[in-house]
Amino acid sequence: AQSVTQLDSHVSVSEGTPVLLRCNYSSSYSPSLFWYVQHPNKGLQLLLKYTSAATLVKGINGFEAEFKKSETSFHLTKPSAHMSDAAEYFCVVTIYNTDKLIFGTGTRLQVFP
Amino acid sequence: EAGVAQSPRYKIIEKRQSVAFWCNPISGHATLYWYQQILGQGPKLLIQFQNNGVVDDSQLPKDRFSAERLKGVDSTLKIQPAKLEDSAVYLCASSLGGHTSHEQYFGPGTRLTVT
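Below is a short write-up of the structure.

So, how was this worked out
Residues numbered from 1 in each chain as written. Chains lettered and ligands numbered in written order. Predicted model: local features only at pLDDT ≥ 70, side-chain atom pairs only at ≥ 80, totals over all residues. Heavy atoms only, no water. Helix = DSSP H or I, 4+ residues; strand = E, 2+ residues; numbered from the N terminus. Rg over C-alpha atoms; globule rule 2.2 N^0.38 Å. Lys, Arg positive; Asp, Glu negative; His and termini not counted. Charge placed at Lys NZ, Arg CZ, Asp CG, Glu CD. Buried < 20%, exposed > 50% of the residue type's maximum accessible area, 1.4 Å probe, protein only. Contact = heavy atoms within 4.5 Å. Areas by Shrake-Rupley, 256 points an atom, 1.4 Å probe, with all protein chains shown as cover. Phe/Tyr/Trp six-rings, centres within 6.5 Å; stacked < 30°, edge-to-face > 60°. Buried area = accessible area lost by both parts, 1.4 Å probe. Salt bridge = Lys/Arg side-chain N within 4 Å of Asp/Glu carboxyl O. Polar contact = N/O pair within 3.5 Å; in protein donor to acceptor, adjacent residues only side chain to side chain.

Turning our attention to the overall build of chain A. Secondary structure summary: chain A contains zero helices and twelve strands in total. Traced from its N-terminal end to its C-terminal end, chain A shows the element sequence β-β-β-β-β-β-β-β-β-β-β-β. The C-alpha atoms of chain A give a radius of gyration of 13 Å, which matches the 13 Å a tight globule of 113 residues would have. With the principal axes as the frame, chain A shows a C-alpha extent of 40 × 30 × 20 Å. Considering chain A, the positive charge centre built from 9 side chains and the negative charge centre built from 8 side chains are found 5 Å apart.

Structure (structure tokens):
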């Protein structure tokens with residue numbers, strides 16, 4: 001069965017420093033993987049998605065993620081954090097050949113000035 | 001384009017009462033989803049509609065939860081009677097069709113507190 005594990009429940013960074021949010025996946029098949037962001041009192045927004053094309057995926061707001069099959073990882077990165085990046089981030093995998101989303105437990109990103 | 005609309009945004013009820021949530025998807029989106037997000041967890045799919053038909057309701061607690069999507073547009077999710085463990089944010093999402101390539105767009109959610 002497909003699943004994702006977000007390795008950190010909370011991450012704190014200073015504004016202007018790099019962001020790394022870690023996600024490992026488990027899948028019997030070549031997975032489709034996503035990162036969603038949830039700002040307080042707002043809906044979930046798709047940041048980026050991997051669907052077996054390029055392993056380095058660029059998303060919105062300067063975020064990117066790299067699919068590493070050997071490590072079963074799909075970590076989210078950003079070179080320089082901004083205050084507006086403070087939010088909850090979810091790593092997501094789909095059930096094979098369907099649109100069913102399986103969410104991780106989330107990582108809360110705090111950005112300090 | 002207008003996003004997914006949900007109402008109410010917040011609801012507080014006592015256990016054993018009933019409650020209903022409303023969702024208006026993005027115009028033209030055939031697929032509609034209801035998710036439950038318990039505090040500290042990721043969203044979990046409750047039910048999926050394709051137009052006005054149910055595609056997947058395997059995770060819907062049917063003894064107390066019901067949902068409908070009349071005319072294939074708006075949808076309502078009802079809980080009757082509510083339990084304490086139903087306290088959560090209920091998210092509605094819509095997409096063009098039920099395929100991985102079709103992005104799901106989420107509404108702001110309804111935060112339910114059961115006391």
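Now for the overall build of chain B. Each helix and strand in chain B was counted, giving zero helices and eleven strands. Going from the N terminus to the C terminus, chain B shows its helices and strands as β-β-β-β-β-β-β-β-β-β-β. Taken over C-alpha atoms, the radius of gyration comes to 13 Å for chain B, in line with the 13 Å a tight globule of 115 residues would show. Split into buried and exposed, the 115 residues of chain B put 45% on the buried side. Within chain B, contacts between residues separated by at least 24 positions form 54% of all contacts whose residues are at least 6 apart in sequence. Here chain B displays about 5700 Å² of accessible surface, and carbon together with sulfur accounts for 51% of that area.

With that out of the way, let us pick up the packing of aromatic side chains. Counted according to the given criterion, the structure contains 14 aromatic pairs over all chains. On the basis of an interplanar angle of 80° and a centroid distance of 5.6 Å, the ring pair of A:Tyr36 and B:Phe106 is categorised as edge-to-face. Residue A:Tyr36 is located in strand E5 (residues 33-38), and its partner B:Phe106 is located in strand E10 (residues 105-106); the two belong to separate chains. For the pair A:Tyr36 and B:Phe106, one class covers both residues: buried. For B:Phe106, a relative accessible area of 8% gives the class buried.

Next up on the list: the environment of B:Pro81. Residues and elements named next belong to chain B. Topologically, Pro-81 is positioned in the loop between strand E8 (75-79) and strand E9 (88-95). According to the relative accessible area criterion, Pro-81 is partly exposed, its value standing at 34%. Each C-alpha atom of the pair Pro-81 and Pro-61 lies 11 Å from the other, and the pair is 20 residues apart in sequence.

Where interface size is quoted, it is often the accessible area lost as the parts come together. If you look at the interface, chain A gives 19 residues, while chain B gives 24 residues. Taken over both partners, the interface formed by chain A and chain B buries close to 1500 Å², and the fraction arising from carbon and sulfur atoms is 50%. At the surface where chain A touches chain B, the tally comes to zero salt bridges. Counting the contacts that link chain A with chain B gives five residue pairs in polar contact (both at pLDDT 80 or more).

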